[in-house]
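As a plain string of letters, each chain reads:
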Amino acid sequence: MSLEIKTAEELVDRDLEARWAERRQGPQAEVLRWVLRAFAERGGPIPVSEVEAAFPDWPATAVRDELAALDEKDLIVLAEHEIPLAYPFSATPTPFLVRLADGRERFACCATDALGIAAMLGARIMIRTRCHHCGEPLELAADATGPLGAGEVMVWVGKRQEGERRACTSL
């Protein structure tokens, strides 16, 4: 097996970047920001009823429609009555544990998402995981600028298989 090493610029997925830029616009953006804040503040899963209650001026069906659109765009996972995942957060334990500055812990969907939590919150965090290659425990700090004192840490990036919709299929 050969290992291809790429720079961050070479790994950029322009389609994904465009999709994420969309999340900053319109009613879906308001709903997504609320869901992300809820995950950051108290963890998940987030009950759909709480999202509906957070938008008292909207009909509940409009909130559910926005959640369904976010799910279709692969920005959240909408289960029957709850949201168990909103990138970068997972309510289900993953190999990527993030300790926030105040000691609360959250799970990230992947290594890149763990780093993204620091940038999203504009705060220093600690990330605990295991080396993908050898299984050794890893712990590193990150802030909004990226990993701190990580030396030559590598992030393993997989490619989504044809027909896979979810980026979180490996969780």
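Residues numbered from 1 in each chain as written. Predicted model: local features only at pLDDT ≥ 70, side-chain atom pairs only at ≥ 80, totals over all residues. Heavy atoms only, no water.

Side note on the environment of Glu-139
Formally: A run of H or I in DSSP counts as a helix once it spans at least four residues, and a run of E counts as a strand once it spans at least two, with each numbered from the N terminus. The classification of residues rests on relative accessible area computed with a 1.4 Å probe and restricted to protein chains. Under 20% of the type maximum is buried, over 50% is exposed, and intermediate values are partly exposed. Whether two residues touch is decided by their heavy atoms; if any such pair falls within 4.5 Å, the residues are in contact. Identification of polar contacts relies on pairs of N or O atoms within 3.5 Å, with a donor-acceptor requirement for protein atoms, meaning one able to donate a hydrogen and the other able to accept it, and with residues adjacent in sequence counted only if both atoms are side-chain atoms.
You can see Glu-139 is positioned in strand 9 (residues 137–143). The partly exposed category is assigned to Glu-139, whose relative accessible area is 48%. Not counting residues up to four positions away in its chain, the partners in contact with Glu-139 are Met-126, Ile-127 and Arg-128. Within the structure, the side chain of Glu-139 is placed 2.8 Å from the side chain of Arg-128, a separation counted as a polar contact.

Quick look at the nonpolar core
A general trend in soluble globular proteins is that nonpolar side chains are found buried together. The following threshold applies: We define a nonpolar core as any set of buried Ala, Val, Leu, Ile, Met, Phe, Trp, Tyr and Cys residues linked to one another through side-chain atoms lying within 4.5 Å.
In this structure, Val-35, Val-51, Leu-67, Ile-83, Val-98 and Ile-125 are the most contacted members of the largest nonpolar core, which totals 30 residues. Elements with a contribution of two residues or more to this core: helix 3 (26–42), helix 4 (48–54), helix 5 (60–72), strand 6 (96–99), helix 6 (111–121), strand 8 (125–130) and strand 9. If near-sequence neighbours (up to four positions away) are discounted, Val-51 is found in contact with Val-31, Trp-34, Val-35, Ile-46, Val-63, Leu-67 and Ile-83.

What about unusual backbone geometry?
With the exception of glycine, the majority of residues adopt a negative phi angle, and the majority of peptide bonds are in the trans configuration. Gly-44 connects to Pro-45 through a cis peptide bond whose omega is 5 degrees. Between Tyr-87 and the following residue, Pro-88, the backbone shows a cis peptide bond with an omega angle of 15 degrees. Along the chain, Pro-88 falls in the loop between strand 4 (85–86) and strand 5 (89–90). With a phi angle near 65 degrees, Asp-74 is a residue other than glycine that sits in the positive phi range. Checked against the element boundaries, Asp-74 lands in the loop between helix 5 and strand 2 (76–77).

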